[in-house]
Number of protein chains: 2
Amino acid sequence: MTFEDRHIRLAHGNGGRYMRELIAQVFRAHLADPALDVTCDAAPIVIPDGTPFVTTDGFTVQPLEFPGGDIGSLAVNGTVNDLAVSGARPLYLTLSAIIEEGLEAALLERIAASIGKAAKIAGVRVVAGDTKVVPRGHGGGIYLTTTGIGIRPHGLDLGLDRVKAGDALLVSGPLGDHGTAVMLAREDFDLTGDVRSDCASVRPLTEALIDIPGARFMRDPTRGGLAAVTHELAQASGLDVRLDESRLPVRDAVRSVCEILGYDPYYLACEGRVVAVVSGEAAEAALAAWQALDDGRDAAIVGWLAPGGTRGGRVILATSAGGERSLEELEDDPLPRIC
Amino acid sequence: MTFEDRHIRLAHGNGGRYMRELIAQVFRAHLADPALDVTCDAAPIVIPDGTPFVTTDGFTVQPLEFPGGDIGSLAVNGTVNDLAVSGARPLYLTLSAIIEEGLEAALLERIAASIGKAAKIAGVRVVAGDTKVVPRGHGGGIYLTTTGIGIRPHGLDLGLDRVKAGDALLVSGPLGDHGTAVMLAREDFDLTGDVRSDCASVRPLTEALIDIPGARFMRDPTRGGLAAVTHELAQASGLDVRLDESRLPVRDAVRSVCEILGYDPYYLACEGRVVAVVSGEAAEAALAAWQALDDGRDAAIVGWLAPGGTRGGRVILATSAGGERSLEELEDDPLPRIC
């Protein structure tokens, strides 16, 4: 057994026997994939017909485990979802782990198991990996980077450039669950609550939407939340994004925590939701397609795109009180390390 | 200007305006690639005919800059080289940066410029990226993960399974330059020396070798150095790897530093060398092909593969003094964070 004292040592990252055993006992055991040949420098893959898409994401969430997920499931779903909202079917993942000396081996095993489980659910294969160990005090327990490769069917065209005035904006479920769950899991807030991260593969949601004629654009509202996605839309299109606050789904528990801590739920990250733009005519069909799914039960049409002013697109929230306010772009950091 | 006090802040990682500006001003500026669309979640790529290969590596070297390279060039060449030694032509890279709050913006810019330069030399395009900022005291200035996608020509067959008794072992140049240069760059050793990292793309070397009939296997001797590669060979094949110490190229300056610090240069990392196995008949042709290249001038045939004992393959060094010693597999950590 190489885990003396049940903790990771610097020698687990040095390219020798300890590292070989760590990879075999922890990563290969949980990611068991015939394509994950841990003795080769690069892995061959088969790319089916269509347009290949590639994406990468680093994950530094604290704490490493939280209600509804952990850094492992987050690292799989975060990258799977970036492919899915691009219209691509996720096929392959690579995994790089930067482990801090002293990490509990049992925690590492739970994270590896979570990676394996999330990959299986999302239908992706982990085909290459790398492990580094950094000295105590130079990391955050473990940081992960996943890179995903997927394939988009020929003829499918989604993107910021397709968005038009009159299009509808949909969200697939309640906003801010992930950000709130991670926040509550931090000891320094000394709050408890009944909120679980929404961390999940959004593939069922995106697959349902790409079959709808009139689908224009999808994005997962992670860092910066709905506010970041709508600002991207407004800036890229020059259109105003008009949101109806009364239609924005936010759980009561999330709203309460936000009120106590002074956060706005529209800036909080989701890790299993989709924001979509579809043509006005397609809005009801898209909503029905989502509401038929387990993960889309609380989907809603939350706004629309309107011609922008002379100074370009804005994001405007029609408040429940009957007024209007501008949803400003995020400047300072409301909630670090939620992904 | 978002770099107040010329240092990276947590807000540079939050998904809002600061992050968008950091990515535009630093990364996009230096990696200028039409395929690096910083507004999309996943990037489309074109994969030519052949077998696609994928590989990933994390980089945590300290110090971040050292004679002959920095973490940026290392992150590009490390991944490029993993593809190249697999016989694949490197095409695309993704880049994930985990930046520690307080990193000097000027240092980040030098690293980004170095990434751009190394990618250009190696002929790869950076098509996707991600940036996270972790709080001060939870990182190492910057950690990088690169993932590479390359294409191997149909019909080319290289691998540990192709190695046979009687095959020759070649190295493309002096061993241990990178490990020694990084070690000397550390203040804590208080040594100075005239050693530069060999950090470079090995593509010219691998391209020259795959045209030689009888090429069996290539590997870049990074973590664990020549010792790690030869142990992998011995374990996979059951053959003995017999090395002739008098033929192993090691610079005098590297040997001196190793003697002072008690290291063995055969365990030290290279980041621009190739270890190759070729059939006995092909050895001279392979050597000539390498010696014709700038980066292969000091290439040498350094050993051969012999039938292993009943307990499997060993790595045996015929010493310059006329004796024999076993080159043991690395167990404890001789030199952390050289990559």
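Residues numbered from 1 in each chain as written. Chains lettered and ligands numbered in written order. Predicted model: local features only at pLDDT ≥ 70, side-chain atom pairs only at ≥ 80, totals over all residues. Heavy atoms only, no water.

**Things to note about the overall build of chain A**
Along chain A, the regular secondary structure elements total eight helices and 14 strands. Computed over the C-alpha atoms, the radius of gyration of chain A is 21 Å, within 12% of the 20 Å expected from 2.2 N^0.38 for a compact globule of 339 residues. Across its three principal axes, chain A shows a C-alpha extent of roughly 65 × 50 × 35 Å. Counting over 339 residues, chain A shows a buried share of 62%. Here the analysis covers contacts within chain A between residues at least 6 apart in sequence; of these, 85% occur between residues at least 24 apart. Only carbon and sulfur atoms are counted for the fraction: they give 48% of the accessible area of chain A, which is about 12,400 Å². Within chain A, one finds 31 positive and 47 negative side-chain charges whose respective centroids are separated by 4 Å. (Helix = DSSP H or I, 4+ residues; strand = E, 2+ residues; numbered from the N terminus. Rg over C-alpha atoms; globule rule 2.2 N^0.38 Å. Buried < 20%, exposed > 50% of the residue type's maximum accessible area, 1.4 Å probe, protein only. Contact = heavy atoms within 4.5 Å. Areas by Shrake-Rupley, 256 points an atom, 1.4 Å probe, with all protein chains shown as cover. Lys, Arg positive; Asp, Glu negative; His and termini not counted. Charge placed at Lys NZ, Arg CZ, Asp CG, Glu CD.)

**As for the environment of V302(B)**
Residues and elements named next belong to chain B. For V302, the position within the fold is in strand β12 (residues 300-306). Residues V302 and R242, 60 residues apart in the sequence, show an inter-C-alpha distance of 8.5 Å. Those residues in contact with V302 that lie beyond four places of it in its chain are L169, L170, V171, R242, L243, D244, R247, L248 and P249.

**A word on the packing of helix α2 (residues 71-85) of chain B against helix α3 (residues 105-122) of chain B**
All names here are of chain B. For the pair α2 and α3, the least separation of the axes is 7 Å and the interaxial angle reads 30°. The orientation of α2 relative to α3 falls into the category roughly parallel. Considering how the two elements wind past one another, α2 and α3 form a crossing that is right-handed. Here I71, G72, S73, V76, N77 and V80 of α2 lie close against α3, whose contacting residues are I111, S114, I115, A118, A119 and A122. (Axes fitted to C-alpha atoms, helices over the stretch in contact; angles between N-to-C directions. Parallel < 35°, antiparallel > 145°, perpendicular 65-115°, else oblique. Left-handed = near helix turned anticlockwise from the far one by under 90°.)

**Quick look at the relation of the copies chain A and chain B**
Structural alignment of chain A on chain B gives an RMSD of 0.0 Å, achieved by rotating through 180° and translating 0.0 Å along the axis. Here the transformation between the copies is reduced to the relation of a two-fold axis. The fraction of interface residues of chain A whose copies in chain B are also interface residues reaches 100%, indicating that both copies meet through the same surface. (Least-squares fit on C-alpha atoms with pLDDT ≥ 70 in both.)

**Examining the pattern of salt bridges**
Residue and element names in this part refer to chain A. Counted by the stated rule, this structure contains 30 salt bridges over all chains. Here R216 and D167 are joined by a salt bridge, their closest N and O atoms 2.9 Å apart. With R216 in strand β9 (residues 215-219) and D167 in the loop between β7 (142-152) and β8 (168-171), this pair connects stretches of sequence that are 49 residues apart. The buried category is assigned to R216, whose relative accessible area is 11%. Its relative accessible area of 2% is what places D167 among the buried residues. (Salt bridge = Lys/Arg side-chain N within 4 Å of Asp/Glu carboxyl O.)

**So, the environment of H138(A)**
All names here are of chain A. With respect to the helices, strands and loops of the structure, H138 is situated in the loop between β6 (125-134) and β7. Residue H138 is classed as partly exposed on the basis of its relative accessible area, which comes to 31%. Here the side chain of H138 touches R136 through a polar contact of 3.5 Å, landing on its backbone oxygen. (Polar contact = N/O pair within 3.5 Å; in protein donor to acceptor, adjacent residues only side chain to side chain.)

**Notes on the side chain of D82(A)**
Here D82(A) lies in helix α2 (residues 71-84). Buried D82(A), no salt bridge; nearest opposite-charge side chain is R219(A), N-O distance 6.5 Å. Setting aside anything within four residues of it in sequence, one finds D82(A) in contact with T55(A), D57(A), D220(A), D41(B) and A42(B).

**Some details on the domain arrangement of chain A**
All names here are of chain A. As assigned here, chain A comprises domain 1 (10-152) and domain 2 (160-326). If you average the C-alpha positions of domain 1 and of domain 2, the two centres end up 28 Å apart. Residue-level contacts link 20 residues of domain 1 with 21 residues of domain 2. For the domain 1 face of the interface with domain 2, the top three residues by lost area are P67, N81 and V85, together amounting to 31%. Counting every contact that joins domain 1 to domain 2 gives zero salt bridges. Summed over the shared surface of domain 1 and domain 2, the result is six residue pairs in polar contact (both at pLDDT 80 or more). Only β3 (65-66), α2 and β5 (89-100) provide two or more residues apiece to the side of domain 1 that touches domain 2. Here the element with the most residues in the side of domain 1 that touches domain 2 is α2; it accounts for eight residues. (Domains from an automatic or database assignment. Buried area = accessible area lost by both parts, 1.4 Å probe.)

**Some points on the pairing of strand β13 (residues 315-318) of chain B**
Residues and elements named next belong to chain B. In the sheet, strand β10 (residues 240-244) pairs with β13 via four bridges, with the strands oriented parallel. Note that in β13 the partner of L243 across the bridge is L317. The sheet contact formed by β13 and strand β14 (residues 324-326) spans three bridges and is antiparallel. Paired with A318 across the bridge in β14 is E324. (Pairing = 2+ DSSP bridges.)

**Focus on the sheet that holds strand β6 (residues 125-134) of chain B**
Each strand in a sheet pairs with another by means of backbone hydrogen bonds, the pair being arranged parallel or else antiparallel. Read from one edge to the other, the open sheet built from five strands follows the order β1(A)-β2(B)-β7(B)-β5(B)-β6(B), with strand pairing classed as mixed. Where the open sheet ends on each side, the last strands, each with one partner, are β1 (43-44) of chain A together with β6 of chain B. Where β1(A) lies against strand β2 (residues 51-59) of chain B, two bridges are found, and the strand directions are antiparallel. When the bridges of β2(B) are listed, A43(A) appears paired with V54(B). Contacts from helix α1 (residues 17-30) of chain B reach β5 (89-100) and β6 of chain B, with the element oriented near 135° to β6(B).

**Quick notes on the packing of aromatic side chains**
With the rule as written, the count across this model stands at zero aromatic pairs over all chains. The ring of F59(B) carries the charged tip of K132(A) above its face, separated from the ring centre by 5.7 Å. (Phe/Tyr/Trp six-rings, centres within 6.5 Å; stacked < 30°, edge-to-face > 60°. Lys NZ or Arg CZ within 6 Å of the ring centre and 35° of its normal.)

**Here's the deal with the interface of chain A and chain B**
Taken together, the contact pairs 69 residues of chain A with 69 residues of chain B. In total, about 5,500 Å² of surface goes out of reach between chain A and chain B, with carbon and sulfur atoms giving 52% of it. Counting the contacts that link chain A with chain B gives four salt bridges. D57(A) is the partner of K132(B) in a salt bridge, and the nearest nitrogen-oxygen pair spans 3.6 Å. Linking chain A to chain B there are 18 residue pairs in polar contact (both at pLDDT 80 or more). Contributing elements (two or more residues each) for the side of chain A that touches chain B: α1 (17-30), β1, β2 (51-59), α2, β5, β6, β7 and α6 (225-237) of chain A. Counted by class, the side of chain A that touches chain B contains 29 nonpolar, 23 polar and 17 charged residues. (Nonpolar A, V, L, I, M, F, W, Y, C, P; charged D, E, K, R; others polar.)

**A closer look at the sheet that holds β10(B)**
All names here are of chain B. Strand order in the open sheet formed by seven strands is β9-β11-β8-β12-β10-β13-β14, with mixed pairing between adjacent strands. Across the chains shown, the open sheet's two edge strands, defined by having one partner strand only, are β9 (215-219) and β14. Looking at each pair of strands side by side, their axes are set apart by 25° on average, direction ignored. Here helix α5 (residues 203-210) sits on the sheet in contact with β9 and β11 (275-278), set at roughly 165° to β9. Helix α6 (residues 225-237) rests against β8 (168-171), β9, β10, β11 and β13 of the sheet, and its axis sits at about 145° to β10.

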